Amino acid sequence: MQTRWDIGEPEKPTINIETEQLKSELLTLNMGPQHPATHGVLRIEIWTDSEIVAHAIPHLGYLHRCMEKHSENLDFRGVIPFVDRLDYLASMSMEWTYVAAVEKMLGTEVPRRAELLRILTAELQRIGSHLMAFGTYALDLGAFSPFLYAFEEREKILRLFEEVSGARLLYNYIWVGGVWNDWTTEQLSRVSTFCDTMEEEAKKYHELVSLNKIFVQRTANVGVYSLQDCLDYGASGPVLRGSGLNWDLRKNVPYSLYPEFDFDVPVGTGELGQVGDCWNRYYVRMREVVESIKIIRQVLTKLEPGPVMGKVPKIIKLPKGEIYLRHECPRGELAFHLVSEGDAKQPYRLKVKSPCFTHVSMLPRVAPGQMIADFVATVGSIDIVLGEVDR
Amino acid sequence: MSTAVQDTNSFKEYFRGLFNGISTTVKGMWITFRYVWAVKPVSIEYPEVREVLPERARMRLFNDAQNCISCTQCAMACPVDCIYIASEKLPEGTEIKKTSNGQAIRLKLTQFTIDTALCCYCGLCTTVCPTECLTHSHDYEFSQYTIDGMKYDYLAADVIAWRDRIVKA
């Protein structure tokens, strides 16, 4: 494995006996659980040799809420608020994945307008989530103002979601059979203006952060995941694409109405460093924002008036069987394994396959040999949300 | 080894990197500096200035006890079981009242308490309510000194007195 730091052969001690008896050992340092750079409550135990990380062990479970077990005692509609709390920065995508799994087992037909609105919300949510990733990543590396610019734009998305669903973070908006509320024409026109401003803002972000020499020096060639590593660990989303594989479920395993849309999948090319370094992962996210804007513009042209809720029985009872359904969420492939006992009001088992969990498990692979500051940059670049890791 | 380390070894690359560093930093500084005069502030000074909440905003729950028919559908829909309802049979011969949308009230509501500390504001209870008496109000400032204070009894006289202020139009 390539490292920036090479200790070489240790020098032979030639001084007096007293120094010879001095021994050196690794210092254990706890990063987190209240460390601001760990994006939540992740505790990473790192063994350091002065400023070089020798080993990193992520400790999980500080945000564990028994969501999977708890959902076994809830009806299928009642699970949605809990699914929201998985990845609280991309609740719409979480809801959509769960709801799609239930719908597929139930055999519900979703009205076209509802499906388009789901794509609209999911893509807006992707922009919001990537803006958060952008802002906090710059914050991790010591730049404060990009965080404020990102939140200024994210606020517009949250306001739209608040108007349409009633909440700013945990929406409970996408329901089995459709969506809760319809968007008004005024709100849709605001989405269109948002797309225009967001494109301008994205250019500003590139000037402000992406191409900044200090930022590039901090991120390029740091925390390199080779493509083989990513495939071995099962990475997905921007981490996998940053390592150079063109893999997006929206294109490769199309679901919903995505085949109707024309968009590109950004892949890391290693312009300023190596493929798979922090800068590439960051840059893939920023380019995905632009692709999402493309999709939103197409949704706005395709939207036609119609119902937003399909026919769903009052009490949802799923037939016996199981389903494993995955969607492309802002952080990677989220999947639900839903098992039903047959004619039951509650899920028998609901297993969540979370992309962030995979990405956290990849940290020890890249940590040895890094400086502590570079390790912070690596943790920030994989963009984890601990609500999804611990569930 | 990494290219960045090799670059600094070259004399020409060193000065190119230096120039690049200064120019991109100045560019970023300029973007931030423009905010001094060119961009209006987006934040609001909260206690003095308050944002107008959207129509559908989901804040504290409010039950209009006069229209409640004690059907307990809200309590069953609640994913966190934070709604406590108790009711008893009306004594015989009592006149059966009707709710505002014409449903008969056949049970006497004796308790309707919501633990707002437990509530997750998902809105599932309001969608199943047949008489639409359970709604989300726009009241979001209700911090309490004790956790018991978060339990709201909607049959209490003071809460009923608030009705006009809390119920949406």
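The residue numbers shown here count from 1 along each chain, following its written sequence. Ligands are numbered from 1 and chains lettered from A, in the order in which they are written. Residue-level local features of this predicted model are given only where pLDDT is at least 70; pairs of side-chain atoms are given and counted only at 80 or more, and the full residue set underlies all totals for whole chains, interfaces and linings.

1. Here we look at the overall build of chain B
To qualify as a helix, a DSSP run of H or I must reach at least 4 residues; to qualify as a strand, a run of E must reach at least 2; elements of each kind are numbered from the N terminus. Secondary structure assignment for chain B yields five helices and five strands. Listing each helix as α and each strand as β along chain B from the N terminus yields α-α-β-α-β-β-α-β-β-α. Projecting the C-alpha coordinates of chain B onto the three principal axes gives extents of approximately 100 × 40 × 35 Å. Buried means a residue has 20 or more other C-beta atoms within 10 Å of its own C-beta, exposed means 12 or fewer, and partly exposed covers the counts in between; C-beta atoms are placed from the backbone. In chain B, which comprises 169 residues, the proportion classed as buried is 14%. Throughout, a residue-residue contact means that the two C-beta atoms, derived from backbone geometry, are no farther apart than 7 Å. Excluding contacts between residues fewer than 6 apart, the proportion of contacts in chain B whose partners are at least 24 apart in sequence is 74%.

2. Some details on the overall build of chain A
When its secondary structure is counted, chain A shows 16 helices and eight strands. The quantity called the radius of gyration is restricted to C-alpha atoms. Its globule counterpart is 2.2 Å times the number of residues to the power 0.38. On C-alpha atoms alone, chain A measures out to a radius of gyration of 23 Å, which is about the 21 Å that the 2.2 N^0.38 rule sets for 391 residues. Evaluated residue by residue, chain A yields a buried proportion of 49% over its 391 residues. Partitioning the intrachain contacts of chain A with sequence separation of at least 6 by distance along the chain shows that 71% fall at a separation of at least 24.

3. Quick look at the sheet that holds strand β2 (residues 83-89) of chain B
Residue and element names in this part refer to chain B. What makes two strands pair is DSSP finding at least two bridges between them. What the three strands build is an open sheet, ordered β2-β3-β5; its pairing is antiparallel. Pairing within the sheet leaves two strands with one partner each, and these edge strands are β2 and β5 (151-153). Strand-to-strand twist across the sheet, computed as the mean angle between neighbouring axes with direction ignored, equals 15°. In this structure, strand β3 (residues 107-115) lies alongside β5, joined through three bridges in antiparallel fashion. By the bridge assignment for β5, D115 is matched with K151. Here an angle of 0 to 180 degrees is reported between the N-to-C directions of two axes, which are lines fitted to C-alpha atoms, with helices fitted over the stretch in contact.

4. Regarding the sheet that holds strand β2 (residues 43-49) of chain A
Residues and elements named next belong to chain A. Strand order in the open sheet formed by three strands is β1-β2-β3, and the pairing between neighbours is antiparallel. On the outer flanks of this sheet lie β1 (27-31) and β3 (52-59), each paired with one strand and no other. Sheet twist, expressed as the average angle between the axes of neighbouring strands with direction ignored, equals 25°. Looking at chain direction, β2 and β3 are connected through seven bridges and run antiparallel.

5. Here we look at the environment of Y140(B)
All names here are of chain B. Within the element layout of this structure, Y140 appears in the loop between β4 (134-136) and β5. Sequence separation of Y140 and M59 is 81 residues, and the distance between their C-alpha atoms is 5.6 Å. Residues in contact with Y140, not counting those within four places in the same chain, are M59 and R60.

6. Focus: the domain arrangement of chain B
Domains are outlined according to an automatic or database domain assignment. According to the domain assignment, chain B consists of domain 1 (1-48) and domain 2 (61-166). Taking only C-alpha atoms, the centre of domain 1 of chain B and the centre of domain 2 of chain B are 56 Å apart.

7. Notes on the pairing of strand β7 (residues 332-340) of chain A
All names here are of chain A. When you tally the buried positions in β7, you get seven out of nine residues, the bulk of the element. The pairing of strand β6 (residues 321-329) with β7 spans nine bridges and is antiparallel. What sits directly across from Y324, in β7, is H337. Between β6 and β7, which pair antiparallel and follow one another directly, the connecting turn spans two residues. The pairing of β7 with strand β8 (residues 349-353) spans five bridges and is antiparallel. Note that in β8 the partner of A335 across the bridge is K353.

8. Regarding the packing of helix α12 (residues 278-302) of chain A against helix α15 (residues 372-381) of chain A
Residues and elements named next belong to chain A. Where α12 contacts α15, the axes come no closer than 9 Å and their chain directions differ by 30°. What the angle tells us is that α12 and α15 run roughly parallel. Between α12 and α15 the crossing geometry is left-handed. Across from C278, R281 and Y282 in α12, the residues of α15 making contact are A377, T378 and S381. Side-chain classes follow a simple rule in which Ala, Val, Leu, Ile, Met, Phe, Trp, Tyr, Cys and Pro form the nonpolar group, Asp, Glu, Lys and Arg form the charged group, and the remainder, Gly included, forms the polar group. Counted by class, the contact of α12 with α15 contains three nonpolar, two polar and one charged residues. Should an angle fall under 35 degrees it is taken as roughly parallel, and over 145 as roughly antiparallel, whereas 65 to 115 is taken as roughly perpendicular and any remaining angle as oblique. Put simply, a crossing is left-handed when the front helix is turned counterclockwise from the back one by less than a right angle, and right-handed when it is turned clockwise.

9. Looking at the packing of helix α4 (residues 91-106) of chain A against helix α5 (residues 112-140) of chain A
Residue and element names in this part refer to chain A. The geometry of α4 relative to α5 is characterised by a closest axis approach of 8 Å and an angle of 140° between their N-to-C directions. The orientation of α4 relative to α5 falls into the category oblique. For the pair formed by α4 and α5, the contact residues are M92, S93 and W96 on the first element and R118, T121, A122 and Q125 on the second. Looking at side-chain class alone, the contact of α4 with α5 contains three nonpolar, three polar and one charged residues.

10. So, the interface of chain B and chain A
On the chain A side, the residues contacting the 24 residues of chain B number 26 residues. Those elements that provide at least two residues to the side of chain B that touches chain A are α1 (3-9) and α2 (11-34) of chain B. Split into classes, the residues belonging to the side of chain B that touches chain A amount to 10 nonpolar, 11 polar and three charged.

11. Topic: the environment of E207(A)
With respect to the helices and strands, E207(A) occurs in helix α7 (residues 185-210). With sequence-adjacent residues up to four places away left out, E207(A) is seen in contact with K27(B), G28(B) and I31(B).

12. Notes on the nonpolar core
Residues Y98(A), V99(A), V102(A), L363(A) and I384(A) are the most contacted members of the largest nonpolar core, which totals 108 residues. If you tally residues by element for this core, the top one is α5(A), at 14 residues. Take the buried Ala, Val, Leu, Ile, Met, Phe, Trp, Tyr and Cys residues, join any whose C-beta atoms are within 7 Å, and the set you get is a nonpolar core. Membership of the second largest hydrophobic core comes to 16 residues, among which are C78(B), I114(B), L124(B) and L134(B).

13. Observations regarding the confidence of the model for chain B
On a range of 0 to 100, pLDDT expresses the predictor's confidence in each residue. Looking at chain B, pLDDT values average 81 and 91% of them are 70 or higher. Looking at the elements of chain B, mean pLDDT is at its lowest for α1(B), recorded as 54, and at its highest for helix α4 (residues 124-128) of chain B, recorded as 88.

14. As for unusual backbone geometry
Residue and element names in this part refer to chain A. In this structure, C66 is a non-glycine residue whose phi angle is positive, near 60°. Note on placement: C66 falls in the loop between β3 and α2 (67-70). Since 11 C-beta atoms lie within 10 Å of it, C66 is described here as exposed.

15. Re helix α6 (residues 145-165) of chain A
Residues and elements named next belong to chain A. Every helix has an expected span of 1.5 Å times one less than the residues it contains. Between the first and last C-alpha of α6 there are 30 Å, a value that for 21 residues agrees with the 30 Å anticipated at 1.5 Å per step. Burial in α6 covers these residues: P146, Y149, A150, E153, I157, L160, F161, V164 and S165. The inward-facing, buried residues of α6 abut α5 and α7.

16. Topic: α4(A)
All names here are of chain A. With 16 residues, α4 extends 22 Å between its outermost C-alpha atoms, agreeing within 8% with the 22 Å of an ideal straight helix rising 1.5 Å per residue. The buried fraction of α4 amounts to 14 of the 16 residues, a majority that puts the element mostly inside the structure. Two residues or fewer past α4, G107 is found with a positive phi of approximately 75°.

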